[in-house]
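# Inside the fold
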Amino acid sequence: MEVPNIPNLIYYAIPFFAVTVIFEGIVLFKKHPQTYQFKDTFASLAMGIGNVLVNLLSKLLIVFLFTFIYQNYRISTIPFVWWYWLLILFADDVCYYWAHRMGHESRFFWASHIVHHSSQKFNLSTALRQTWTGGFFTFVFYIILPFLGFHPLMIFTQMSISLLYQYWIHTELIDKMPRWFEAIFNTPSHHRVHHGSNPLYLDRNHAGIFIIWDKLFGTFQPELKNEKVIYGLTSNIKTFNPIKIALNEWISVFKDAFLAKTSLTNKLKYFIKPPGWKHDGSGKLSKDLRNEWFSSSSGNNIN
Ligand SMILES: [Zn+2]
Ligand SMILES: [Zn+2]
């Protein structure tokens, strides 16, 4: 099969990222000079640069593994014709949804993904605030693709397209897109909800490109006018140090597991169960916070 030469699109997008982050920064700074936080933007950029560098290494592992699976175990051969790009668009996007959802619902994956949610700001630079560790294991959610017969190059190209798509949705400068667009695609409004620490917004809208998966799998929440998004975590880490941002949650999950006076199975559960879980039952998960909020007065007033 003729394999086309497709470069890594992310590298080509870096100058575009730089120009648009600066442009949006100027607009935001002019609007509210007292609330724009340069330190936060620089921390996000540092996380983005670190992510690109670490991925040089993790990509080697994934390219090797996916190529090995594709060459030896694929059940079909999907050619590089245009309509198969449509197939991989949907196939990759549903894998992304589950990878991202698990990034919120299992503490091992959350320890890596928390980086993306560690800012209390929401602007284009937040999109670049990426994990330094996830590259080594998040691929497990995509491993079905080479088995199905998608060429690794097709997979990596589509993963980059998905990441590029998700860049522009990290902004407050766009309110709502046209209704039909909001119904099908992930948008700034849907993704603001995803970055919210409000109980109503916790663990909602895990979509990559299409918001349809959240609607299908029951995690969709529209942005409500009377529930302004509070960005960040339910308990914020309050640091701009990139190394602390990258490793903070890893340290705390290992600490929780090792220091807990409980069985080995329970210790392991600290890595598997959702963030907030405790072996003695005293922990609060996102769903508990949501339920408490719904039964409170503020929850009753939402419609
Ligand atoms: Zn997320
Ligand atoms: Zn995001």
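Notes on the structure in this doc start here. Fair warning: this is a prediction, and the values are worked out from it, not measured in the lab.

It is worth spelling out the side chain of His-113 at this point. Looking at the secondary structure, you find His-113 in helix H4 (residues 107–113). Look at His-113 and you get buried, because its relative accessible area is 15%. At 3.0 Å, the side chain of His-113 forms a polar contact with the side chain of His-117. If near-sequence neighbours (up to four positions away) are discounted, His-113 is found in contact with His-100, Gly-103, His-104 and His-194.

Here the focus is the coordination of the zinc ion (ligand 2). Surrounding the zinc ion (ligand 2) are the protein donor atoms His-116 (NE2), His-170 (NE2), His-191 (NE2) and His-195 (NE2), which sit 2.0 to 2.1 Å from the metal. Classification of the site at the zinc ion (ligand 2) rests on its four donor atoms, whose angles at the metal span 94 to 154 degrees, yielding the label irregular. Sequence spacing among the residues donating to the zinc ion (ligand 2) works out to H-x53-H-x20-H-x3-H. A separation of 5.9 Å is found between the zinc ion (ligand 2) and the zinc ion (ligand 1). Here His-191 lies in helix H9 (residues 188–194) and His-116 lies in the loop between H4 and helix H5 (124–128), a separation of 75 residues in the sequence. Owing to a relative accessible area of 6%, His-116 belongs among the buried residues under this scheme.

Let us now look at the pattern of salt bridges. Between side chains of opposite charge, pairing is possible as soon as their charged atoms come close. The final tally for this structure, using the stated rule, is eight salt bridges. Arg-101 is the partner of Glu-105 in a salt bridge, and the nearest nitrogen-oxygen pair spans 3.0 Å. Pair noted here: Glu-105 and Arg-101 are both in helix H3 (residues 82–105), with a separation of four residues, about one helical turn. With its nearest N and O atoms 2.9 Å apart, the salt bridge here joins Arg-192 to Glu-223. A residue pair is termed long-range when its members are at least 10 positions apart, and Arg-192 in helix H9 and Glu-223 in the loop between helix H10 (212–217) and helix H11 (242–259) qualify at 31 residues. Accessibility expressed as a relative area gives 4% for Arg-192, which makes it buried. Salt bridges sharing partners connect three or more residues here, namely Asp-175, Arg-192, Glu-223 and Lys-225.

Locating Leu-285 in the fold gives a position in the loop between helix H12 (264–272) and helix H13 (286–295). When near neighbours in sequence (up to four residues on either side) are disregarded, Leu-285 contacts Pro-274, Pro-275, Gly-276 and Trp-277.

This next bit is on a nonpolar patch on the surface. Taken together, the side chains of Trp-82, Trp-83, Leu-86, Phe-90, Trp-180, Ile-184 and Ile-212 make up a nonpolar region of the molecular surface, amounting to roughly 760 Å² of accessible area. Those elements that provide at least two residues to the nonpolar patch are H3 and helix H8 (179–184). Relative to the elements of secondary structure, Ile-212 occurs in helix H10. Under the relative-accessibility criterion, Ile-212 is labelled partly exposed at 30%.

Moving on to unusual backbone geometry. Positive phi outside glycine occurs at Asn-205, with the angle close to 55 degrees. The residue Asn-205 is located in the loop between H9 and H10 in this model. Despite not being glycine, Lys-238 has its phi angle at roughly 50 degrees, a positive value. Here Lys-238 shows up in the loop between H10 and H11.

When a metal carries six donors in an octahedron, the ideal angles between them are 90 or 180 degrees, while four donors in a tetrahedron ideally lie at 109.5 degrees. Donor atoms from the polypeptide that bind the zinc ion (ligand 1) are His-100 (NE2), His-104 (NE2), His-113 (NE2), His-117 (NE2) and His-194 (NE2), placed at 2.0 to 2.1 Å. Sequence spacing among the residues donating to the zinc ion (ligand 1) works out to H-x3-H-x8-H-x3-H-x76-H.

With that settled, consider the layout of surface pockets. There is about 660 Å³ of room inside the second largest pocket. Taken together, the elements giving at least two residues each to the lining of the second largest pocket come down to H4, H11 and H13. Element by element, the count of residues in the lining of the second largest pocket is highest for H11, at four residues. Among the residues making up the lining of the second largest pocket, the classes are represented as eleven nonpolar, 14 polar and six charged.

The next point concerns the packing of aromatic side chains. As enumerated under the stated definition, the model contains 31 aromatic pairs in all. With a centroid separation of 5.1 Å and 65 degrees between ring planes, the pair formed by Phe-109 and Phe-141 is classed as edge-to-face. You can see Phe-109 sitting in helix H4 and its partner Phe-141 sitting in the loop between H5 and helix H6 (144–148), a full 32 residues away along the chain. Residue class for Phe-109 comes out buried when judged on its relative accessible area of 19%. By the ring-pair criterion, three or more aromatic residues cluster together here, those being Phe-90, Tyr-165, Trp-168, Trp-180, Phe-181, Phe-185 and Phe-210. A cation over an aromatic ring shows up here: Arg-74 above the ring of Tyr-70, its NZ or CZ 4.3 Å from the ring centre. A cation over an aromatic ring shows up here: Lys-215 above the ring of Phe-220, its NZ or CZ 5.0 Å from the ring centre.

The rules behind the values
- The written sequence of each chain sets the order in which its residues are numbered from 1.
- Going through the entries in the order they are written, you letter the chains from A and number the ligands from 1.
- Local features are withheld for residues below a pLDDT of 70 in this predicted model, meaning they are given only at 70 or higher, and side-chain atom pairs are given and counted only at 80 or more; totals for whole chains, interfaces and linings count all residues.
- In computing side-chain values, all of the structure's heavy atoms are included and hydrogens and water are not.
- Helix numbering and strand numbering both begin at the N terminus, where a helix is a DSSP run of H or I of at least 4 residues and a strand a DSSP run of E of at least 2.
- When accessible area is computed with a 1.4 Å probe and restricted to protein chains, residues below 20% of their type maximum are described as buried, those above 50% as exposed, and intermediate ones as partly exposed.
- Any pair of nitrogen or oxygen atoms within 3.5 Å is treated as a polar contact; in protein, a donor-acceptor pairing is required on top of that, and neighbouring residues in sequence qualify only through side-chain atoms on both sides.
- We call two residues in contact whenever any of their non-hydrogen atoms come within 4.5 Å of each other.
- Counted as donors are N, O and S atoms no farther than 2.8 Å from the metal, or 3.2 Å for Na, K and Ca; water is not among the atoms, and sites may therefore look incomplete.
- When four donors show all angles between 85 and 135 degrees the site is tetrahedral, when four or six donors have opposite pairs over 155 degrees and all other angles between 65 and 115 it is square planar or octahedral respectively, and in every other case it is irregular.
- Definition used for salt bridges: Asp or Glu carboxyl oxygen within 4 Å of a side-chain nitrogen of Lys or Arg.
- Surface patches are drawn from residues lacking salt bridges whose relative accessible area is over 30%; two like charges belong together within 9 Å, two nonpolar side chains (Val, Leu, Ile, Met, Phe, Trp, Tyr) within 5 Å.
- Note on areas: Shrake-Rupley, 1.4 Å probe, and residue coverage restricted to the protein chains presented here.
- Cavities and pockets were defined on a 1 Å grid built over protein atoms only: a cavity is a set of grid points that admits a 1.4 Å probe from which the probe cannot escape, a pocket is an open set flanked by protein on both sides within 12 Å along at least five of seven lines, and lining residues are those with an atom within 4 Å of any such point.
- Grid points are joined across faces, edges and corners, and a volume is the space filled by probe spheres set on the points.
- Three classes are used, and their members are as follows: Ala, Val, Leu, Ile, Met, Phe, Trp, Tyr, Cys and Pro are nonpolar, Asp, Glu, Lys and Arg are charged, and the others, Gly among them, are polar.
- Two aromatic rings from Phe, Tyr or Trp, using only the six-membered ring of Trp, form a pair when their centres are within 6.5 Å; if the ring planes differ by under 30 degrees the pair is stacked, by over 60 it is edge-to-face, and anything between is tilted.
- Sitting over a ring, as applied to charges here, requires NZ of Lys or CZ of Arg to be within 6 Å of the ring centre and within 35 degrees of the ring normal.

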